[in-house]
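# Close look at the chain arrangement
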Amino acid sequence: TERLAVAKGVVIMKPATLEMIKRGEAAKGDVLAVAQMAGIMAAKQTSHLIPLCHPLPITNISVEFKLDEERSAVDITTTVRTTAQTGVEMEALTAVAVAALTIYDMCKAVDRGMRIESIRLARKSGGKSGEIVLEE
């Protein structure tokens, strides 16, 4: 069966930092484009990072960002799919973590007070446990 996992996380920052990201004015380049690539690459390397995690043939990875000006935050959502014999929760969680770390790395020179928060599994489906929805 197809297996899917959705993970979420957030990076909280100063409003000026969020505006810099939104305008694409970070000294190191396009923060969200680089963080998206980092998340995708991290998902593919999860078995090298997490002991006893199986290498999986991933069929799709998406890393999406939502800029929340009210909270001064970047919300991260990753979705990973496979048709392998085990789930992809760790790959989705790893993608969120590395995307968040990349945002931090690219913006730390202007905002050392950024916080990475709430990395969590939001939903999974496929396999013996069926569908688990922890949040939408």
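Look up a bit, the structure's there.
We now turn to the structure provided with this report. Counting of residues starts from 1 at the beginning of each chain's written sequence and follows it residue by residue. Thresholds applied to this predicted model are a pLDDT of at least 70 for local features of residues and 80 or more for the giving and counting of side-chain atom pairs; totals over whole chains, interfaces and linings are not thresholded and use all residues. To obtain the side-chain values, all non-hydrogen atoms of the structure were included, while hydrogens and water were left out.

## Section: the packing of helix H2 (residues 31-44) against helix H4 (residues 89-107)
Note on method: axes are straight lines fitted to C-alpha atoms, helices fitted across the in-contact stretch only, with angles between N-to-C directions ranging 0 to 180 degrees. Under the scheme used here, helices are H or I runs from DSSP no shorter than 4 residues and strands are E runs no shorter than 2 residues, and both carry numbers assigned from the N terminus. At their nearest, the axes of H2 and H4 sit 7 Å apart, and the two run at 145 degrees to each other. In the crossing of H2 with H4, the sense of the turn from one axis to the other is right-handed. When H2 is examined against H4, the residues Val31, Leu32, Val34, Ala35, Ala38, Gly39, Ala42 and Ala43 are found in contact with a partner set consisting of Glu91, Thr94, Ala95, Val98, Ala99, Thr102, Ile103, Met106 and Cys107. Charged means Asp, Glu, Lys or Arg here, nonpolar means Ala, Val, Leu, Ile, Met, Phe, Trp, Tyr, Cys or Pro, and polar covers whatever is left, Gly included. Classifying every residue of the contact of H2 with H4 by side-chain character gives 13 nonpolar, 3 polar and 1 charged. What makes a crossing left-handed is the near helix being turned counterclockwise from the far one by less than a right angle; a clockwise turn instead makes it right-handed. Contacts are assigned to residue pairs that have any heavy atoms within 4.5 Å of one another.

## Notes on the pattern of salt bridges
Whenever Lys or Arg places a side-chain nitrogen within 4 Å of a carboxyl oxygen from Asp or Glu, that contact is recorded as a salt bridge. Taken as a whole, this structure holds 11 salt bridges when the rule is applied. With a closest N to O distance of 3.3 Å, Arg81 and Glu2 form a salt bridge. Taken together, the residues Arg81 in strand S3 (residues 73-82) and Glu2 in the segment before strand S1 (3-12) connect sequence positions 79 residues apart. Across the salt bridge formed by Asp105 and Lys28, the nearest N and O atoms sit 3.3 Å from each other. Of the two residues, Asp105 sits in helix H4 while Lys28 sits in the loop between helix H1 (15-23) and H2, which places them 77 residues apart along the sequence. The structure contains a network of salt bridges with shared partners spanning Lys8, Arg120 and Glu135.

## Observations concerning the environment of Arg115
Structurally, the position occupied by Arg115 is in strand S4 (residues 115-125). In this structure, the C-alpha to C-alpha distance between Arg115 and Lys14, residues 101 residues apart in sequence, is 10.0 Å. The contact partners of Arg115, leaving out residues within four places of it in the chain, are Val10, Val11 and Ile12. Side-chain polar atoms of Arg115 contact the side chain of Glu117, separated by 2.7 Å. Whenever two N or O atoms come within 3.5 Å, that pair is a polar contact, provided that in protein one can donate a hydrogen and the other can accept it, and provided that, for residues adjacent in sequence, both atoms are side-chain atoms.

## What about the sheet that holds strand S5 (residues 132-133)?
Strand pairing follows a simple DSSP-based rule, namely that at least 2 bridges must link the two strands. Read across the open sheet, the 5 strands follow the order S2-S3-S1-S4-S5; overall the sheet is antiparallel. Since the sheet does not close on itself, it has two edges, and those belong to strand S2 (58-68) and S5, each with one partner. Both S1 and S4 contribute to a ladder of 8 bridges, which runs antiparallel. The partner of Val10 across the bridge, within S4, is Glu117.

## A look at the environment of Phe65
Examined against the element boundaries, Phe65 turns out to sit in strand S2. Expressed as a C-alpha distance, the spacing of Phe65 and Leu32, which sit 33 residues apart in the sequence, is 7.4 Å. The residues contacting Phe65, other than those within four sequence positions of it, are Leu32, Ala35, Gln36, Val74, Asp75, Ile76, Ala99 and Ile103.

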